[in-house]
Amino acid sequence: MRLRLAGAVLLSAAAYYVYLPLPSGVCEPWKLMLLDALFRSFMQASDVAHSLGVCHRVHLLNQVVSWVEVIEARSCPAVHVMDSTLGGVPTRVFQPKGGKKLKRGVIYFHGGGWALASGRMRSYDLLCRKMAEDLDAVVMSVDYRLAPGAVFPDQYHDALAAARAFLSAQVLERYSIDPERVCVSGDSAGGNLAAAVAQRLGSDDSVKVRFKVQALIYPVLQALDFHTPSYQQNQAVPILYRPIMARFWLQYLGADPALEPLLLANNHSSLDQSAIGRKTRSKLNWTAWLPAERRKHFQPVVKETGSPGVLDKVPGLMDVRAAPLLAEQEALGRTPKAYVMTCEFDVLRDDGLMYARRLQDAGVAVTSDHYEDGFHGCMVFAFLPMKSGVGERSMNNYIHWLDQNL
Ligand SMILES: *[C@@H]1O[C@H](CO)[C@@H](O)[C@H](O)[C@H]1NC(C)=O
Ligand SMILES: *[C@@H]1O[C@H](CO)[C@@H](O)[C@H](O)[C@H]1NC(C)=O
């Protein structure tokens, strides 16, 4: 009897821990809740270790991730897999065996807030393996350096160096990649790096080989407005809670983590910040860029007065290499044909939707693929035991788009 009672108490405690009210419309909410509980428990454990001074929370998280998730480079009958380097940056290479002589090529940047994860993780390994096999393409998954050990612009420079090497005659020849059919892609923070690299190389006349397409999966593209409708709507939706995204940004930009409340208050983009001119503001003016069905009832949060000096302290907030949405229209116009995937239940939804609109305005052909039941990270969690329907659907559509357009 007592045992049964204890069991019931334990079960309800577990259910209480896991249960989270989610917006109706999320694909398979119980799976997302479980994923969230898993993430939260890892986060809480690493917060404890951090405050005890054992080690930095991110190091511990990455340690856990690598125990649980990182796998060896293992070839399979269809794909040869090996760990190598690209422009000096560690990279896992997926090479389809046999097939046509010249292959399509994809350079991929994984997500994880510029601080977590690796291209050698099971989920990314499986994604790239599938892309290599389904597209008969050589896929290179880049392990750029991570925060807090490396901060902006290190991640960006690694991504750029790897991309330049990828497009070099030497690498294209060595892997039999068709120079006319190369793609840059990535998800979340990796989508940020992919967009930034596409902009930089699009405006560099010394680069002979051009990317044919860019494919951005729920990319993070700006840090000046933490009150876009999607930030407001999804601030408490797992797994990318609004404060966590602000923390990732500060960490990436090498800034004081104590600035988090300031960022969340939009104090860094108040009207008295003279560094942000009209033109810059217009680039992320969501009242102009977003359609009514995404703006909904949400109101812009623009402070008259904020926290002066913060943009001098954290110049990365205004740096287009960190925030690709701040690019000039001409720079956007020199980037390749684009695929932008966004999810309704994601704080970053409007970053992606605004970018897609701005690319279109700049004359770039854009496929905007929006998932009404999607949540941040769903595509990569398509492989975990709790793989979700929307994850699988979006992954298949992404690969299908590449097949049609690359
Ligand atoms: C944003 O766009 C709206 C609608 O086009 C416009 O009324 C408003 O003045 C713009 N705001 C800024 C800061 O550019
Ligand atoms: C934001 O700015 C206002 C006005 O300067 C200030 O009173 C407030 O304390 C600031 N909030 C944060 C979180 O820094």
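Residues numbered from 1 in each chain as written. Chains lettered and ligands numbered in written order. Predicted model: local features only at pLDDT ≥ 70, side-chain atom pairs only at ≥ 80, totals over all residues. Heavy atoms only, no water.

**Some thoughts on the overall build of the protein chain**
In terms of regular secondary structure, the protein chain is built from 17 helices and eight strands. Here the protein chain has a C-alpha radius of gyration of 21 Å; the compact-globule value for 406 residues is 22 Å, and the two agree. Projected onto the principal axes, the alpha-carbon positions of the protein chain cover approximately 65 × 60 × 40 Å. Within the protein chain, residue pairs in contact and separated by at least 24 positions form 75% of the contacts whose partners lie at least 6 positions apart. Accessible surface computed for the protein chain: about 17,000 Å², of which carbon and sulfur atoms make up 57%. (Helix = DSSP H or I, 4+ residues; strand = E, 2+ residues; numbered from the N terminus. Rg over C-alpha atoms; globule rule 2.2 N^0.38 Å. Contact = heavy atoms within 4.5 Å. Areas by Shrake-Rupley, 256 points an atom, 1.4 Å probe, with all protein chains shown as cover.)

**Thoughts on the packing of helix α5 (residues 154-166) against helix α7 (residues 189-202)**
Interaxial distance between α5 and α7 falls to 10 Å at its minimum, and their mutual angle equals 60 degrees. Considered as vectors, α5 and α7 are oriented oblique to each other. Our pair here, α5 against α7, has a crossing hand that is right-handed. Between α5, through Q155, Y156, A159, L160, A163 and R164, and α7, the contact on the second element is made entirely by L193, A196, V197, R200 and L201. Its residues assigned to classes, the contact of α5 with α7 shows eight nonpolar, one polar and two charged. (Axes fitted to C-alpha atoms, helices over the stretch in contact; angles between N-to-C directions. Parallel < 35°, antiparallel > 145°, perpendicular 65-115°, else oblique. Left-handed = near helix turned anticlockwise from the far one by under 90°. Nonpolar A, V, L, I, M, F, W, Y, C, P; charged D, E, K, R; others polar.)

**Structural notes on the site of ligand 1**
Looking at ligand 1, the residues that line it are N285, T287 and A288. Contacts to ligand 1 include N285, whose side-chain N or O atom sits 2.3 Å from an oxygen atom. (Near = heavy atom within 4 Å. Polar contact = N/O pair within 3.5 Å; in protein donor to acceptor, adjacent residues only side chain to side chain.)

**Comments concerning the domain arrangement of the protein chain**
Here the protein chain is described as being made up of domain 1 (65-222 + 325-405) and domain 2 (229-317). Each of domain 1 and domain 2 was reduced to a C-alpha centroid, and the two centroids are 25 Å apart. Each partner contributes residues to the interface: domain 1 has 38 residues there, and domain 2 has 30 residues. Counting across the domain 1 and domain 2 interface gives five salt bridges. (Domains from an automatic or database assignment. Salt bridge = Lys/Arg side-chain N within 4 Å of Asp/Glu carboxyl O.)

**Topic: the sheet that holds strand β1 (residues 79-86)**
Reading across from one edge, β1-β2-β4-β3-β5-β6-β7-β8 is the order of the eight strands in this open sheet, with mixed pairing throughout. Both outer strands of the open sheet, β1 and β8 (366-375), are each paired with one neighbouring strand and no more. Between one strand and the next, the sheet's axes are offset by a mean angle of 20 degrees, whatever the strand orientation. Sitting on the sheet, α5 is in contact with β1, β2 (89-96), β3 (103-109), β4 (137-142) and β5 (177-187), with an inclination near 170 degrees to β3. Packed onto the sheet, helix α17 (residues 389-405) meets β3, β5, β6 (213-217), β7 (337-345) and β8 and runs at close to 170 degrees relative to β8. (Pairing = 2+ DSSP bridges.)

**Section: the nonpolar core**
Of all hydrophobic cores here, the largest spans 142 residues; its most connected members are I107, F109, F211, W249 and Y398. If you tally residues by element for this core, the top one is α7, at eight residues. A domain split of this core shows at least three residues from each of domain 1 (65-222 + 325-405) and domain 2 (229-317). The residues touching I107, leaving out its near neighbours within four places in the chain, are L86, M140, V142, A162, A163, F166, C183, V184, S185 and F211. (Core = buried A, V, L, I, M, F, W, Y, C linked by side-chain atoms within 4.5 Å. Buried < 20%, exposed > 50% of the residue type's maximum accessible area, 1.4 Å probe, protein only.)

**Quick look at the pattern of salt bridges**
Evaluated as defined, the whole model comprises 25 salt bridges. Through salt bridges with shared partners, one network takes in R294, K296, E344, R349, D350 and E372.

**Points about the site of ligand 2**
In the neighbourhood of ligand 2, the contacting residues comprise P261, L262, N267, T305, G306 and S307. Here an oxygen atom of ligand 2 sits 2.3 Å away from a polar atom, N or O, in the side chain of N267. Here an oxygen atom of ligand 2 sits 2.7 Å away from a polar atom, N or O, in the main chain of G306. Protein coverage of the free-state accessible area of ligand 2, which is 360 Å², stands at 46%. For the shell around ligand 2, a count of residues per class yields two nonpolar, four polar and no charged.

**Things to note about helix α9 (residues 242-252)**
Residues separated by three or four positions in an α-helix point in the same direction, a consequence of the helix having 3.6 residues per turn. Most of α9 sits out of view: nine of its 11 residues are buried. Those residues of α9 that fall on the buried side of the exposure criterion are R242, I244, M245, A246, F248, W249, L250, Q251 and Y252. As for α9, its buried residues are in contact with α2 (29-51), α3 (57-68), α5, α7, α8 (229-233) and α10 (260-264). The first or second residue beyond α9 is G254, which carries a positive phi of 65 degrees.

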